[in-house]
Amino acid sequence: MFFYVGSAMENLRREIHPILKTFVDIFYNGEVGKFEKEYKKVIGKEVNVRNPSAGIVVFVRKKWGLSSDTLLELESIAKRLRNKRFKQLKRNSSAYAYASSVLRFLKILENEDLLRVSELDFRTHSCDPVQDAKRFIEFYGLNKQDINTFSTLRSILESRDIYVFAFPLDSNHHEGVVNPESPAFVILNANALRPRASFLLAHEIGHIIYRDLGKESLEERFSNKFATNLIIPDPLVDAIYSIFKQSLRNHSNRYFLFSKLICLEFSCEILPETAIMKLFYHEKLSYPEMKNWEKNLIKLRKKYQSANVKVGWLRKMVEKIGIITPDKYRKAIELVHEQGKISEKRKKEMLFERVKHALCMH
Amino acid sequence: MLYVCIDSTVFKNFLPLGYIKELEKFLECLPENCQKVGYKEEIEEILIELGGSFLLITEEDVSWETFESLKNKYPGIDDGETCLLSFALEKKDEGANACFMSDDKKARGAGREEGILFCCVKNLKVGGTLGILSFLVNQQDLSARDALLIHRHMRDNNNHLPEDYNPTKIESC
């Protein structure tokens, strides 16, 4: 306790340049000492926090494979970004870094009239995420009889100039973030599982819709419920319940059988625990039953994630999303390069081509 | 001291055309009061092959203020170009002389906007080949490759410029 108070007082006394203050606040929870230590480890030199060189650009490049644009839009993104448990996300998170760069680049392309950027036109909501999901499906003419897949949701967003990216975020707890206001965009974790992609994207759409609720925990719950009901329309409940009952008959292998049948039925576009959540929302399962199934399904999948599986459906179930760069965004950058407005190197910066080689990937 | 800040685009345009000898001469041809400056991340490997004493800089060698100001003013230029331009500006503020060479028109435009030019245009003998090339690149908005072609023409034709070249800009300086 004494040490905590002591170091907090020390931080208050020390003068720190505004750009570093924002950087340290977002990524190091205000702990300057922690940042100084990591800077020395990565760069090999001490940082002058009062009057820094542009060396923090080198730090950002080595750590995340990003350019100086990360720093230039940092303050702006800090006010806009929303995601699951975003206060926890702030600590040392690449999601903020990528979001900051994406925001900057979208603004640059918008200024050059090379890209239109927008926000979601479906904004009004009731306080019932199940009804909101149905209205969303109607509003955008989505599928009522089948899974609304990641590709479908992504096309809806991108037809409205809301771009969907995926980068390798530095924690598996943080699966996605959204900037809900124009230029709106979503960033998913490239390390998340591909069958979970539809739920994650639908969940971020939920954050756009429920961003004015004013309570983080409520926004989170609503976004989860909205997402489940958006990607799994009600007519599919019977099929899922039938699979559930079939799995119950096989007592020793029920979780494996349920996972397999759900994956085969829906081409691995949803994870089995999302199907279980849908049953729970439709009161086919009690809360303890749902939690028990959820726990065991996740435990089973983690076992297969680390194994070298050869079976087709299992491999699909543990496949990762991978890095995604939206086509329109990529084309806009190619065009601005063809027009001679940016160099080859700048084009690579804007396409995040260094991301794979950064420290956080090692 | 004259700091000649050379963007890696210059090398990337020399090398594919096979102008290695010209490039080596270009690098060697500098008097003592000139310092070649390069952006470390991009040209370190190129220099291993070519030799030549470069001062290799990174963003750590320039202030955040200068860097940020240029980056906000010219969002289209990359970090390496911004770093070299920042260095050139800061050296000028310190009272030294600096110029910036790039085969990228946008980066050269930014340099021109910031008033970074070859400082001593009266004496084309300063730096020899480098002097003419720097002058031509900065004053005439030519790429280093085009400047080299003009220089070769002059070398092969008793210092006569190409017929379609306008010499008035050299004389007026």
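As the structure is a computational prediction, the values presented were derived from the model and not from experiment.

Focus on the interface of chain B and chain A
Listed as interface residues are 23 residues of chain B and, on the opposing side, 29 residues of chain A. Taking both sides of the interface into account, the surface hidden between chain B and chain A amounts to around 2,000 Å²; carbon and sulfur atoms contribute 50%. Where chain B packs against chain A, one counts 6 salt bridges. We note a salt bridge from Asp78 of chain B to Lys345 of chain A, for which the minimum N-O separation is 3.8 Å. On the surface where chain B and chain A come into contact, there are 18 residue pairs in polar contact (both at pLDDT 80 or more). Here the side of chain B that touches chain A gets 6 residues from one element, more than from any other, and that element is helix α4 (residues 64-73) of chain B. In terms of residue class, the side of chain B that touches chain A is made up of 6 nonpolar, 5 polar and 12 charged.

So, the state of the cysteines
Enumeration over the complete set of coordinates arrives at 1 disulfide over all chains. Across the disulfide from Cys263 of chain A sits Cys268 of chain A; the S-S distance is 1.5 Å. On the S-S bond that ties Cys263 of chain A to Cys268 of chain A, the torsion sits near 45°, and the link is right-handed. What makes Cys268 of chain A buried here is its relative accessible area of 8%. With no disulfide of its own, Cys83 of chain B lies closest to Cys5 of chain B among cysteine sulfurs, the gap being 9.1 Å.

With respect to the confidence of the model for chain A
Low pLDDT marks regions whose predicted coordinates should not be analysed in detail. Confidence along chain A averages 88 in pLDDT terms, with 91% of residues attaining 70 or more. Every residue in residues 1-7 of chain A scores below 50 in pLDDT, and together they form 0 contacts with partners more than four places removed in sequence or on other chains.

Side note on the pairing of strand β3 (residues 176-179) of chain A
Residue and element names in this part refer to chain A. Residues Gly176 and Val178 of β3 are buried on one face, and the alternating residues Val177 and Asn179, pointing to the opposite face, are buried as well. Sheet topology note: the β3/strand β4 (residues 185-189) ladder contains 4 bridges and is antiparallel. Counted as the bridge partner of Val178 is Val186 from β4. Taking the residues between adjacent antiparallel strands as the criterion, β3 and β4 are bridged by 5 residues.

Topic: the pattern of salt bridges
In this structure the tally under the stated criterion is 35 salt bridges over all chains. Residue Lys347 of chain A is joined to Glu344 of chain A by a salt bridge in which the shortest nitrogen-to-oxygen separation is 3.9 Å. Residue Lys347 of chain A and its partner Glu344 of chain A are located together in helix α19 (residues 344-350), separated by 3 residues, close to a single helical turn. Judged by relative accessible area, Glu344 of chain A falls into the partly exposed class, the value being 39%. Glu114 of chain B serves as the salt-bridge partner of Lys73 of chain B, at 2.8 Å between the closest nitrogen and oxygen. Here Lys73 of chain B is found in helix α4, whereas its partner Glu114 of chain B is found in the loop between α6 (105-113) and α7 (129-140), with 41 residues between them in sequence. The structure contains a network of salt bridges with shared partners spanning Asp69, Arg104, Lys345, Arg346 and Glu349 of chain A together with Glu42 and Asp78 of chain B.

Digging into the sheet that holds strand β3 (residues 54-57) of chain B
Residue and element names in this part refer to chain B. Pairing within the open sheet is parallel, and its 4 strands lie in the order β3-β2-β1-β4. Strands at the two margins of the open sheet, each flanked by one partner only, are β3 and β4 (97-101). Across the sheet, the mean angle separating the axes of adjacent strands is 25° when strand polarity is ignored. This element, helix α5 (residues 79-93), spans β1 (2-6), β2 (34-39), β3 and β4 of the sheet and lies at about 150° to β2.

Some details on the packing of helix α8 (residues 94-111) of chain A against helix α18 (residues 327-338) of chain A
Packed helix pairs are characterised by how far apart their axes lie and by the angle those axes make with each other. All names here are of chain A. It is at 11 Å that the axes of α8 and α18 come closest, and there the two elements cross at 60°. Between α8 and α18, the interaxial angle falls into the category oblique. Our pair here, α8 against α18, has a crossing hand that is left-handed. For the pair α8 and α18, contact is made by Phe105, Leu106 and Leu109 and by Tyr329, Ala332, Ile333 and Val336, respectively. Residue composition of the contact of α8 with α18, by class: 7 nonpolar, no polar and no charged.

Focus on the packing of aromatic side chains
Residue and element names in this part refer to chain A. On inspection of all chains with the given rule, the structure shows 35 aromatic pairs over all chains. Relative to Phe139, the ring of Phe122 lies with its centre 5.4 Å away and its plane at 70°, an arrangement referred to as edge-to-face. Here Phe122, found in the loop between α8 and α9 (129-139), pairs with Phe139, found in helix α9; they are 17 residues apart in sequence, far enough to count as distant. A centroid spacing of 5.3 Å and a plane angle of 85° characterise the contact between Tyr210 and Phe222, whose relative ring orientation is edge-to-face. With Tyr210 in the loop between α11 (197-209) and α12 (216-231) and Phe222 in helix α12, this pair connects stretches of sequence that are 12 residues apart. A single burial state applies to Tyr210 and to Phe222, both of which are buried. Positioned above the aromatic ring of Tyr241 is the side chain of Lys284, whose terminal nitrogen or guanidinium carbon lies 5.1 Å from the ring centre.

Definitions and limits used
- Residues numbered from 1 in each chain as written.
- Chains lettered and ligands numbered in written order.
- Predicted model: local features only at pLDDT ≥ 70, side-chain atom pairs only at ≥ 80, totals over all residues.
- Heavy atoms only, no water.
- Contact = heavy atoms within 4.5 Å.
- Buried area = accessible area lost by both parts, 1.4 Å probe.
- Salt bridge = Lys/Arg side-chain N within 4 Å of Asp/Glu carboxyl O.
- Polar contact = N/O pair within 3.5 Å; in protein donor to acceptor, adjacent residues only side chain to side chain.
- Helix = DSSP H or I, 4+ residues; strand = E, 2+ residues; numbered from the N terminus.
- Nonpolar A, V, L, I, M, F, W, Y, C, P; charged D, E, K, R; others polar.
- Disulfide = S-S within 2.5 Å.
- Buried < 20%, exposed > 50% of the residue type's maximum accessible area, 1.4 Å probe, protein only.
- pLDDT = per-residue confidence, 0-100.
- Pairing = 2+ DSSP bridges.
- Axes fitted to C-alpha atoms, helices over the stretch in contact; angles between N-to-C directions.
- Parallel < 35°, antiparallel > 145°, perpendicular 65-115°, else oblique.
- Left-handed = near helix turned anticlockwise from the far one by under 90°.
- Phe/Tyr/Trp six-rings, centres within 6.5 Å; stacked < 30°, edge-to-face > 60°.
- Lys NZ or Arg CZ within 6 Å of the ring centre and 35° of its normal.

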